[in-house]
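# Secondary and tertiary structure notes
As a plain string of letters, each chain reads:
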Amino acid sequence: MKIGCPKEIKPQEFRVGMTPNAAQEAVANGHEVIIETKAGIGSGFDDAAYVAAGARIVDTAEEVFATADMIVKVKEPQAVERKMLREDQVLFTYLHLAPDPEQTKDLLASGCTAIAYETVTDDRGGLPLLAPMSEVAGRLAPQVGAWTLQKANGGRGVLMGGVPGVGPAKVVVIGGGVVGTHAARIAAGMGADVTVLDRSLPRLRYLDDAFRGQFKNQYSTAGATAELIQDADMVIGAVLIPGAAAPKLISRAQLGTMKPGAVLVDVAIDQGGCFETSRPTTHADPIYDVDGIMHYCVANMPGAVARTSTIALGNATMPFMLALANKGWRQACQDDPHLLAGLNVHAGQLTYVEVGKALGIDV
Ligand code: NAD
């Protein structure tokens, strides 16, 4: 099969769909890999690395789309890319179709077979192609929060780990899923005093078993949150209610109960944010102040560490990419119900029920 990987063109997107290692695996499996020139530059992979892996470099996205049987990307195809998709082509990338009728219309019109990273499942009820980005965002949250806590950035001027004779920062993580657990581990590793709140008792039991001594946990109620935030230097919002907007767990009025210069990092901003005063920000202008409380609300946090994110995503997508290439999409999806769960569009038909419901299209 011919596997094509164009350079991402969405603004501020530095990741790439295939690493040189993934290209090398595909070539070793007998496939031809076609990479658009400079596709990997934002993640620190130059054309020479792909050539060494056995891939062929082409000058334009048009050549990639015209030649490839399967396109592997990161972000949903942009309008100009969607025009190049063909009936006999497989598209494997993040799609997020539910809030995007324009993209859905174009994918249906193209006749292509589109498999979305975000709806591929695993045996434990997880989303294995979303998890790596939650891991990245979670581990990044205390790092950006610690920077925001610095005085020159508007923060309280508190060091995460304290020093001998001075106590550490107090960090509250709301939501103990993938993001929250990774955030808590890193914050604790920096020496902070960390408490995780969650509404799932099984999850709290797991956190207690796995991380007792590293960080504390508490059942999430409005009362527990109100009490903990009064004393917190940093609050990390990491909740998710699948398929719903994030619940607002800290109101504007409550900011007045917090210490001046405390920091809110709202990782859940891509689901609307879990603090009333959150609004999406960018890497270019990531923080702002509301009532003396600093907010960090970047909606695509993994973009800040594009190289780590590209490699983490590539590790997770590679087995699926190889199955699609080795068996063809039909057989690969027949053999693996988790990959089949990723199928969103085929031959002008929407095939994913939730997207159909969201857009009012028959599935
Ligand atoms: P997850 O499903 O693994 O974890 C969410 C956790 O929130 C669950 O354990 C759940 O029990 C808990 N929860 C739900 N309601 C709660 C409440 N009221 N109080 C306390 N806990 C509650 O999800 P995840 O992968 O950790 O993702 C968390 C959020 O981070 C999502 O909104 C996701 O979209 C977002 N995210 C953002 C970025 C970014 O760049 N900003 C990157 C990755 C993920």
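Located above this text is the structure these notes cover.
This next bit is on the packing of aromatic side chains. If you walk through the whole model with that rule in mind, you get 4 aromatic pairs. When the centroid spacing of 4.7 Å and the interplanar angle of 90 degrees are considered together, the rings of Phe92 and Tyr117 count as edge-to-face. You can see Phe92 sitting in strand β5 (residues 90-93) and its partner Tyr117 sitting in the loop between β6 (113-116) and α6 (131-149), a full 25 residues away along the chain. Per residue, the accessibility class of Phe92 equals that of Tyr117, and both read buried. When the centroid spacing of 5.0 Å and the interplanar angle of 25 degrees are considered together, the rings of Phe211 and Phe215 count as stacked. An aromatic cluster is built from Phe92, Tyr94 and Tyr117, whose rings are joined through pairwise contacts. Against the face of Tyr288 rests Arg279, its NZ or CZ located 3.9 Å from the ring centre.

One can describe the packing of α6 onto helix α11 (residues 306-327) by two numbers: an axis separation of 9 Å at closest approach and a directional angle of 150 degrees. By the criterion of interaxial angle, the relationship of α6 to α11 is roughly antiparallel. Crossing angle aside, the handedness with which α6 passes α11 is right-handed. The residues of α11 that touch α6, namely those facing Pro132, Met133 and Val136, are Ser309, Ala312, Leu313 and Ala316.

A few words now on the nonpolar core. Among the nonpolar cores identified, the biggest contains 39 residues, and Met18, Met70, Phe92, Ile115, Met321 and Leu339 are the most heavily contacted of them. Only β1 (2-5), α1 (20-28), β2 (32-36), β4 (70-72), β5, α6, α11 and α12 (329-335) provide two or more residues apiece to this core. In terms of residue count, the dominant contributor to this core is α11 (8 residues). Setting aside chain neighbours within four positions, we find Met321 in contact with Ile3, Met18, Ala22, Ala26, Met70, Val72 and Phe92.

Taken in spatial order, the 8 strands line up as β3-β2-β1-β4-β5-β6-β14-β15 in an open sheet, and their pairing is mixed. Taken across any chain shown, the strands that pair with only one partner, and hence form the sheet edges, are β3 (56-58) and β15 (349-350). In this structure, β6 lies alongside strand β14 (residues 343-346), joined through 2 bridges in antiparallel fashion. Paired with Ile115 across the two strands is Leu343, which belongs to β14.

Axis separation between α6 and helix α7 (residues 178-189) bottoms out at 7 Å; the angle between their running directions is 35 degrees. Taken as a pair, α6 and α7 cross one another with a handedness that is right-handed. Contacts between α6 and α7 involve Ala131, Ser134, Glu135, Gly138, Arg139, Ala141 and Pro142 from the first element and Val178, Val179, His182, Ala183, Arg185, Ile186 and Ala187 from the second.

Attention shifts here to the pairing of β5. Two faces belong to every sheet, and in a regular strand the side chains alternate between them. By the alternation rule, side chains of β5 split into Val90 and Phe92 and Leu91 and Thr93, which are all buried. Pairing analysis gives 3 bridges linking β4 to β5, with the strands arranged parallel. By the bridge assignment for β5, Ile71 is matched with Leu91. Of the strand pairs in this sheet, β5 and β6 are connected by 4 bridges, and their pairing is parallel.

Let us look at the site of the ligand. With respect to spatial proximity, 27 residues lie near the ligand, and among them Ser134, Val179, Asp198, Asp270 and Met301 are the closest. Separating an oxygen atom of the ligand from a backbone N or O atom of Val178 is a distance of 3.0 Å. Contacts to the ligand include Ser220, whose side-chain N or O atom sits 2.8 Å from a nitrogen atom. Within the complex, 85% of the 870 Å² of free accessible area of the ligand lies under protein. The leading source of residues in the shell around the ligand is α6, at 3 residues. Here the residues of the shell around the ligand are counted per class, giving 16 nonpolar, 8 polar and 3 charged.

Conventions we followed
Residues numbered from 1 in each chain as written. Predicted model: local features only at pLDDT ≥ 70, side-chain atom pairs only at ≥ 80, totals over all residues. Heavy atoms only, no water. Phe/Tyr/Trp six-rings, centres within 6.5 Å; stacked < 30°, edge-to-face > 60°. Helix = DSSP H or I, 4+ residues; strand = E, 2+ residues; numbered from the N terminus. Buried < 20%, exposed > 50% of the residue type's maximum accessible area, 1.4 Å probe, protein only. Lys NZ or Arg CZ within 6 Å of the ring centre and 35° of its normal. Axes fitted to C-alpha atoms, helices over the stretch in contact; angles between N-to-C directions. Parallel < 35°, antiparallel > 145°, perpendicular 65-115°, else oblique. Left-handed = near helix turned anticlockwise from the far one by under 90°. Contact = heavy atoms within 4.5 Å. Core = buried A, V, L, I, M, F, W, Y, C linked by side-chain atoms within 4.5 Å. Pairing = 2+ DSSP bridges. Near = heavy atom within 4 Å. Polar contact = N/O pair within 3.5 Å; in protein donor to acceptor, adjacent residues only side chain to side chain. Areas by Shrake-Rupley, 256 points an atom, 1.4 Å probe, with all protein chains shown as cover. Nonpolar A, V, L, I, M, F, W, Y, C, P; charged D, E, K, R; others polar.

Any functional reading would require information beyond the geometric quantities listed.
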